[in-house]
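# Structure at a glance
Spelled out, the chains give:
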Amino acid sequence: MWPRRKLRLVTGDSSQGLKGVQTLLTTLNLEYDLGSWTEELGEDYKEHEDVCFWQGLFWPEVPVTELNSGGSVRGCLKKQTIQDFLTGLWEGEILIPLSGPTALWEERPLLWEFLHKAGFEPSLLWQNGDNWLGERGRGVIWIVPLAWLKSVAGEKVPGRPKVLQTNQASWRVRGQEVDFYADQDCRRFLGALPRWSEQDLEQAVYDTIGLAFNLGVSWFDLKQAAGEVWNSEPGKSPRCKNDDAGQFAGTQSKELPFTGFDNLENRWAG
């Protein structure tokens, strides 16, 4: 029987972001234990012969001499910095770090809610006060706090480079509604939503909607998700324009009947 693979986190007294890393590993179902190079580990490895310490992950403040001595990472097949580990972990993922005021819905960022409702199945690592929340989705998008990410990975953001198409969607406040556009010139009108009730989070909410659209969420899915967030009654649609594109304005407009295809089998026949 093969031994279980396990990670060893080697930290110091001033290690930052440790709780977030622990939550991330638990979310990914990766076993780990914790060791400090400033203290005796006090662990009898003979009692854990069924465990193979696959990697020793160490924080930057751990001295190189300690790693070379093999004390805290003895028994590990590989030694790696926590920064390099996260870079390899998220190499093929789209990482979206959030900063500043963030609107939440059921303790999760609003952006995660929009992506989740649209079927993107995003993953989440989030901090609410002293509590951390981790949720693994089957998609390629991860949402994490920017402050935590910088504390463990430095200034360079892991993941796929240049995936966010910035300066696309835009919004304009108009009375008690907000108009959204698919471009910065406000020529491609998407639709309108009622204004967010909390003024201190209003701009953050609208920017979140724009970011979700840039990531590929359709306006229809955004409107449906906003219907649950803007109103207390789940499923109730907000005061959105049913005629988002303005194509059917006027008194002569009418709903066209829907008829199915008579010969569906040959629909794609050349």
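Refer to the structure printed above.
Residues numbered from 1 in each chain as written. Predicted model: local features only at pLDDT ≥ 70, side-chain atom pairs only at ≥ 80, totals over all residues. Heavy atoms only, no water.

The next subject is the sheet that holds strand E10 (residues 141-145). On the basis of which strands lie adjacent, the open sheet formed by four strands has the order E5-E10-E8-E9 and mixed pairing. The strands lining the two open edges of the sheet, one partner per strand, are strand E5 (94-98) and strand E9 (131-135). Mean inter-strand twist for the sheet, computed between neighbouring axes without regard to direction, equals 15°. Strands strand E8 (123-128), E9 and E10 of the sheet are contacted by helix H1 (residues 18-27), whose axis makes an angle of about 30° with E9. Sheet strands in contact with helix H5 (residues 146-153) are E5, E8, E9 and E10, and its direction is about 90° off that of E10. (Pairing = 2+ DSSP bridges. Helix = DSSP H or I, 4+ residues; strand = E, 2+ residues; numbered from the N terminus. Axes fitted to C-alpha atoms, helices over the stretch in contact; angles between N-to-C directions. Contact = heavy atoms within 4.5 Å.)

Moving on: the environment of Leu133. Summarising the element assignment, Leu133 is placed in strand E9. For Leu133, a relative accessible area of 22% translates into the label partly exposed. If sequence neighbours within four positions are ignored, Leu133 has contacts with Thr23, Glu107, Arg108, Leu124, Leu125 and Trp126. (Buried < 20%, exposed > 50% of the residue type's maximum accessible area, 1.4 Å probe, protein only.)

Any empty space left between the atoms is revealed when a probe the size of a water molecule rolls over them. Applying the stated criterion to the full structure yields one cavity of 30 Å³ or more. If you add up the space inside the largest cavity, you get close to 40 Å³. Considering each element in turn, the lining of the largest cavity owes the most residues, three residues, to helix H6 (residues 199-214). Across the lining of the largest cavity, the residue classes break down as eight nonpolar, two polar and no charged. (1 Å grid on protein atoms, 1.4 Å probe; cavity = no way out; pocket = protein on both sides within 12 Å on 5 of 7 lines; lining within 4 Å. Points joined across faces, edges and corners; volume = space filled by probe spheres on them. Nonpolar A, V, L, I, M, F, W, Y, C, P; charged D, E, K, R; others polar.)

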